[in-house]
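These are the residues of each chain, in order.
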Amino acid sequence: FLAALRQLCKTQGVAAVYVSHDLGVVESLADRVMVLYAGRVVECAETAQLFRQPQHPYSQRLLAAARLAARPLEDLSQQPLVLEVDELAVSYAGRLVVAGVNLHLRRGECLALVGASGSGKSTLLRCINGLEEFQAGELTVDGKPLLHKNAAAMRALRQRVGMIFQGFNLFPHLTVGKNIMLAPSLVKAKDTASGEAHARALLERVGLAEKFDSFAD
């Protein structure tokens, strides 16, 4: 799965934000790493730079515990920006959970969000996907500002932004193939033939082609 995700970013120009506690996975997958602590970004750098020379004490403790070395990365600095987050802030019941986050992500780039539970990682991702409203700041996806009050704009956003949840289940009454075909048919009105071909290609990519007609265990 991780290899497929990395290949997707590289070949299809997809930008990805990956949330993880596993620094080994982060090192193998991400172009850049953003470290969150208590709702604030304490450090953001290219993976090689952060793994080699972390600046913040929290980052230093994380890397010291993992003892990992970074891999070389390709230069994506000339690629267009597909995600821009500026001074984003989110509060729950008067408590600030995301405080002034700034993030810029280029086409083909994978950014890993790292931090302890409750540091604001999932809340930030939910904001990017339009699932959570923020109280301050700006968020732009592929050059278009996120507009919660505009239903048409939100539908257009969800045509281009996807979210893979940490814990999820297949619909038990549908086969694996039908589960994969469901969202493209509902959201993008993809016809059955092309939807099936795409689903089979995705399963083939991750080595699960034989599971197309299987039901979830």
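The structure presented is a predicted model; accordingly, all values stated were derived computationally and were not measured.

Conventions adopted
Residues numbered from 1 in each chain as written. Predicted model: local features only at pLDDT ≥ 70, side-chain atom pairs only at ≥ 80, totals over all residues. Heavy atoms only, no water. Pairing = 2+ DSSP bridges. Helix = DSSP H or I, 4+ residues; strand = E, 2+ residues; numbered from the N terminus. Phe/Tyr/Trp six-rings, centres within 6.5 Å; stacked < 30°, edge-to-face > 60°. Buried < 20%, exposed > 50% of the residue type's maximum accessible area, 1.4 Å probe, protein only. Lys NZ or Arg CZ within 6 Å of the ring centre and 35° of its normal. Axes fitted to C-alpha atoms, helices over the stretch in contact; angles between N-to-C directions. Left-handed = near helix turned anticlockwise from the far one by under 90°. Contact = heavy atoms within 4.5 Å. Nonpolar A, V, L, I, M, F, W, Y, C, P; charged D, E, K, R; others polar. Salt bridge = Lys/Arg side-chain N within 4 Å of Asp/Glu carboxyl O. Expected span 1.5 Å × (residues − 1). Arc of directions from axis to C-beta. Polar contact = N/O pair within 3.5 Å; in protein donor to acceptor, adjacent residues only side chain to side chain.

J.: Explanation requested: the pairing of strand β4 (residues 81–92) in the structure shown.
T.: Along any regular strand, the residues point their side chains to alternate faces of the sheet. Of the pairings in the sheet, the one linking β4 to strand β5 (residues 95–106) comprises eight bridges and is antiparallel in character. Across the sheet, Glu84 pairs through a bridge with His104, a residue of β5. In textbook terms, the turn of a hairpin is the stretch between consecutive antiparallel strands, and for β4 and β5 this stretch comprises two residues, one of which, Ala93, has a positive phi near 50°. In terms of strand pairing, β4 meets strand β7 (residues 136–141) through five bridges, oriented antiparallel. By the bridge assignment, Glu84 is partnered in β7 with Thr140.

J.: Whenever I open this one, unusual backbone geometry confuses me. Can you help?
T.: For residues that are not glycine, phi is negative in most cases, and the peptide bond is trans in most cases. Of note in the backbone geometry, Ala38 takes a positive phi value of approximately 55° without being a glycine. Unusually for a residue other than glycine, Glu87 sits at a positive phi of about 50°. Note on placement: Glu87 falls in strand β4.

J.: Is there a simple way to explain the packing of aromatic side chains in this structure?
T.: Both the distance between ring centres and the angle between the ring planes are used here to describe each pair of aromatic rings. For the coordinates displayed, the defined rule picks out one aromatic pair. On the basis of an interplanar angle of 45° and a centroid distance of 4.8 Å, the ring pair of Tyr37 and Tyr58 is categorised as tilted. Note that Tyr37 is positioned in strand β2 (residues 32–37) and Tyr58 in helix α4 (residues 57–66), a separation of 21 residues in sequence. Owing to a relative accessible area of 11%, Tyr58 belongs among the buried residues under this scheme. Positioned above the aromatic ring of Phe212, the side-chain terminus of Arg200 is 3.8 Å from the ring centre.

J.: Help me understand the packing of helix α7 (residues 176–187) against helix α8 (residues 192–205), please; the structure alone is not making it clear to me.
T.: Each pair of packed helices can be summarised by the angle the axes make with each other and by the distance between the axes. Closest axis-to-axis distance for the α7/α8 pair is 9 Å, and the angle between their directions is 115°. In terms of crossing hand, the pair formed by α7 and α8 is right-handed. From α7, Val176, Gly177, Ile180 and Met181 reach across to α8, where they touch Thr192, Gly195, Glu196, Ala199, Leu202 and Leu203. Residue classes in the contact of α7 with α8 are distributed as six nonpolar, three polar and one charged.

J.: Can you help me understand the pattern of salt bridges in this one?
T.: Pairing between side chains of opposite charge can happen when the charged atoms of each approach one another. According to the stated counting rule, one finds five salt bridges in the structure shown. The shortest N-O distance in the salt bridge between Arg126 and Glu132 comes to 3.1 Å. Looking at Glu132, the relative accessible area reads 16%, which means it is buried.

J.: Help me understand α7, please; the structure alone is not making it clear to me.
T.: Count 3.6 residues to each turn of an α-helix, and residues three or four apart come out pointing the same way. The complete set of buried residues in α7 reads Val176, Gly177, Asn179 and Met181. Elements that come into contact with the buried residues of α7 comprise α8. Positive phi appears at Ala189, one or two residues downstream of α7, with a value of about 55°.

J.: Can you help me understand α8 in this one?
T.: Under the 1.5 Å per step criterion, the end-to-end length of α8 is 20 Å for 14 residues, consistent within 8% with the ideal 20 Å. Those residues of α8 that fall on the buried side of the exposure criterion are Gly195, Ala199 and Leu203. In an axial view of α8, the angular spread of the buried residues amounts to 70°, which keeps them on one side of the axis. Of the residues in α8, the exposed ones pointing more than 90 degrees away from the buried face are Ala193 and Glu204. On its buried face, α8 is in contact with α7. Among the residues of α8, the N-terminal cap falls to Asp191, whose side-chain oxygen and the backbone nitrogen of Ala193 are separated by 3.2 Å.

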